[in-house]
Each structure stands twice: as C-alpha cells, then as structure tokens.
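What follows is the residue order along each chain.
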Amino acid sequence: MSKFSNDIVDHSRQHRFSPYAMNGGNILAVAGENFAVVAADTRLSEGFLIHTRDHPKTIQLTPTTMVAMAGFEGDILTLKKNALTRIEMYAFEHSKFPSTPAVASMLSKMLYYRRFFPYYVYNIVAGLDENGKGCVYSYDPVGSYERESYRAAGASNELLQPLLDNQIGGKNLRNVPALTVERAKQICIDCFISAAERDITTGDAVFVYVITKAGVNYDKFPLRRD
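Residues numbered from 1 in each chain as written. Predicted model: local features only at pLDDT ≥ 70, side-chain atom pairs only at ≥ 80, totals over all residues. Heavy atoms only, no water.

## Focus: the overall build of the chain
Check the secondary structure of the chain and you find four helices and 12 strands. With the C-alpha coordinates of the chain rotated into their principal frame, the extents come out at 80 × 45 × 30 Å. Taken over 226 residues, the chain has a buried fraction of 46%. In the chain, 62% of the contacts between residues at least 6 apart in sequence involve partners at least 24 apart. Working note: accessible area of the chain is about 12400 Å², and carbon and sulfur atoms make up 53% of it. Computed over 25 positive and 24 negative side-chain charges, the inter-centroid distance for the chain is 1 Å. (Helix = DSSP H or I, 4+ residues; strand = E, 2+ residues; numbered from the N terminus. Buried < 20%, exposed > 50% of the residue type's maximum accessible area, 1.4 Å probe, protein only. Contact = heavy atoms within 4.5 Å. Areas by Shrake-Rupley, 256 points an atom, 1.4 Å probe, with all protein chains shown as cover. Lys, Arg positive; Asp, Glu negative; His and termini not counted. Charge placed at Lys NZ, Arg CZ, Asp CG, Glu CD.)

Next comes the structure, spelled out in structure tokens:
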C-alpha cells in the first residue's frame, strides 16, 4: 500500500487559520460647540483572557486631533504607526499640522488602500475643525466615513450608542439640556459604566479626553475590574 493512499489519510481533519483576533475594547466621541470629548476603556482582552488592564486606545495626532481605535491589536499597532508617520511627513513638508478634516480624509484613504485585506479596527477621529467647532468622524472597515455629532464603536457598540442617541441626540426626550463639557464627560463615563456591567471585554478604567483650542487634557475614571 502506498503511503499516499486514501485509506490512511484522515480527510475529516481540517486546519483553519484566521489572520484576525478580537481584542475587545470600546471607544466613543462627542462633538460640542467648541470642544470634542473622546473616551476609551483600558482593558485589552481576548475571549476570557485579559492581557492587560492598562492599555489606552487613543493617540493624539495633532494639537487638536485625536484618533481612537479598538478591535484587533495587531492591526491597531500597524495603523497607528502608519498614521503617525504620515502626520510627521506632512508637518515636515508644510511646517504645520493638518486639520482634523484632513486627518479624517487621510485615514479614509489608508483604510481604502487595504480594502482587499482590511484592517480589523474600529476608528473614530475627533477634534476641532478650521472654525474651532467640535467634529467627530466615524468609519466602516474599508474607509467610508462621515462627520457626526457623536459616535460609539467597539465590542459594546450596541450598548453605548442607544444611550448617546437618547442623551445627546434627544431621542425620546422632551427637553434636551445644553451640551457642556462637563455634561459630555459625564455621559461618556455613564456609558462605560453601563457597558462594563454587561460586557466582559469592557472594564478596569476609562480615559476621557477633552479637546479644546487650548490643547488636550484628560481624566481617568475607574470601572469594575471583574
């Protein structure tokens, strides 16, 4: 009998490989009249395994622009490195930083370039536009994007977005209070507290960044750690 005979080969065994992994995490951003607020939790996990409890998911690209990323950490690291490199090249060539809308357009093109093997990353760009008004841009995996007043993304998007729709979008509310920096920050914190109660990939802490013309400042708030 030949060693290649069908009689001795187990055809029922299958080998599968996935180039992606889901490392959880959630991000959201809110645009105000002259500010933007970005929030992201710090847990990096995979399934029931927590890799680290202190992993920020945001980076500051320019003095008035930040990007928040969640999803597959391998793709996030690559996308961050490429985005920062492009920002540095732009600043070197033009002696100034790109505006937030320009950064949003750049990221869209970076995602579209990889459309046949997409980055498994949820992206939100937030900052101030040329007129000093807050702006938020959300994306699909292949680069289609739009400007919005608020957006959540990540593993618990289904838990975060309805609360934003209600509290900021005014869905099912008779009176919507004015959106101040403090109210936007508190809504972001409440969103993550609610998500941490229902989603095992959300927890440990949440960083809340406030972007104004004066720069970026942040606060860290604890979440449940189990």
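## Focus: the side chain of Asn-26
Structurally, Asn-26 can be placed in strand β1 (residues 26-31). A relative accessible area of 0% places Asn-26 in the buried class. Among the polar contacts listed, one links the side chain of Asn-26 to the backbone nitrogen of Ala-155, at a separation of 3.1 Å. Of the polar contacts made by the side chain of Asn-26, one reaches the side chain of Thr-202; its length is 2.4 Å. (Polar contact = N/O pair within 3.5 Å; in protein donor to acceptor, adjacent residues only side chain to side chain.)

## Quick look at the environment of Tyr-90
Topologically, Tyr-90 is positioned in helix α1 (residues 73-94). Tyr-90 sits 44 residues away from Glu-46 along the chain, and the two C-alpha atoms are 36 Å apart. Sequence-distant contacts of Tyr-90, defined by excluding residues within four places in its chain, comprise Ser-95, Lys-96, Phe-97 and Pro-98.

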